Amino acid sequence: MHVKDLLDGLGLRVKLPQHWFSTDVSNEFEDGELIQNDDIIKIETKGEKNTKVIVIDINDGMSVVTKFPDGKVIGVKYLKNKDDFEYIGHPSELYF
């Protein structure tokens, strides 16, 4: 599943960098719930053990993260340039 498929399934139309649309995400997001839809879009899906979250902030980047029961957050933040990204490895208020 790609981010574009997820956004289409939720009926969201957003202007994003092309490489964000084509980002592969877990098929668990087929049952994703739209948590926030304003300047920041937040989509969440809860699994048996972990919670996965996509946070899209046009001005800051798109993050795809996994939240573990112990509070640890890991994932990747995609920036506007398709070759720029950051690894996420610490809890942040943005994801809770």
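These numbers were taken from a predicted model, which means no experiment stands behind them. (Residues numbered from 1 in each chain as written. Predicted model: local features only at pLDDT ≥ 70, side-chain atom pairs only at ≥ 80, totals over all residues. Heavy atoms only, no water.)

1. Thoughts on the side chain of Glu 44
Inference 1: If you trace the backbone, Glu 44 turns up in strand β2 (residues 40-46).
Inference 2: The contact partners of Glu 44, leaving out residues within four places of it in the chain, are Phe 29, Gly 32, Glu 33, Ile 35, Thr 51, Lys 52, Val 53 and Lys 67. (Helix = DSSP H or I, 4+ residues; strand = E, 2+ residues; numbered from the N terminus. Contact = heavy atoms within 4.5 Å.)

2. A short note on the sheet that holds strand β4 (residues 61-67)
Inference 1: The strand order across the open sheet built from 6 strands is β1-β2-β3-β4-β5-β6, with neighbouring strands paired in antiparallel fashion. The strands lining the two open edges of the sheet, one partner per strand, are β1 (33-37) and β6 (85-88). Geometrically, the sheet is characterised by an average inter-axis angle of 15° between neighbouring strands, direction not taken into account. (Pairing = 2+ DSSP bridges. Axes fitted to C-alpha atoms, helices over the stretch in contact; angles between N-to-C directions.)

The values are spatial; any link to function lies outside them.
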